[in-house]
Amino acid sequence: QVQLVESGGGLVQAGGSLRLSCAASGRTFSSYAMGWFRQAPGKEREFVAAISWSGGSTYYADSVKGRFTISRDNAKNTVYLQMNSLKPEDTAVYYCAAEYNEVVVTYCTVSMSPECFGSWGQGTQVTVSS
């Protein structure tokens, strides 16, 4: 497994931007597909975005398409989530997740559920005020 540490969360006004980072340990980062999920109070954890090992394929939840961008830098073992035009409904704890690329590509591209990913970070809080 890979260890993940998120950073970059905080408080922002509606319409603002934040960039989340997720630093991964281990020498095989480039073997993993990476994902971002979020969980609001009283709600289930939901898919936000994912990216393949090379960055060549990206996936987004409909609710964030056109506003969020996922990217990765394999030389730095880091994945990013650029969040623009933030809305109060984006308020949640955001989690970084990792799974071997082959698993995600084979089983999860139709529906990116949390069960697709085996390694998780501790989460970072994002709060969007209206």
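Note that the coordinates shown come from a computational prediction; the quantities given were computed from them, not determined experimentally. (Residues numbered from 1 in each chain as written. Predicted model: local features only at pLDDT ≥ 70, side-chain atom pairs only at ≥ 80, totals over all residues. Heavy atoms only, no water.)

## Re the nonpolar core
Core analysis: the largest hydrophobic core is formed by 39 residues, its most contacted members being Met34, Trp36, Leu81, Met83 and Tyr94. Broken down by secondary-structure element, the contributors of at least two residues to this core are β3 (18-24), β4 (32-39), β5 (46-51), β7 (68-73), β8 (78-83), β9 (92-100) and β11 (124-129). (Core = buried A, V, L, I, M, F, W, Y, C linked by side-chain atoms within 4.5 Å. Buried < 20%, exposed > 50% of the residue type's maximum accessible area, 1.4 Å probe, protein only. Helix = DSSP H or I, 4+ residues; strand = E, 2+ residues; numbered from the N terminus.)

## Things to note about the sheet that holds β3
The strand order β1-β3-β8-β7 describes an open sheet built from four strands, whose pairing is antiparallel. Two strands bound the open sheet, and with one partner strand each, they are β1 (4-7) and β7. Taken pair by pair, the neighbouring strands of this sheet meet at an average axis angle of 15 degrees, ignoring direction. (Pairing = 2+ DSSP bridges. Axes fitted to C-alpha atoms, helices over the stretch in contact; angles between N-to-C directions.)

## Observations concerning the state of the cysteines
Summed over all chains, the structure comprises two disulfides. One disulfide in the model links Cys22 with Cys96; its S-S distance is 2.1 Å. The chirality of the disulfide connecting Cys22 with Cys96 is left-handed, given an S-S dihedral of about -80 degrees. With Cys22 in strand β3 and Cys96 in strand β9, this pair connects stretches of sequence that are 74 residues apart. Here Cys108 connects covalently by a disulfide to Cys116, the sulfurs 2.2 Å from one another. When the S-S torsion is -110 degrees, as for the bridge of Cys108 with Cys116, the disulfide is left-handed. (Disulfide = S-S within 2.5 Å.)

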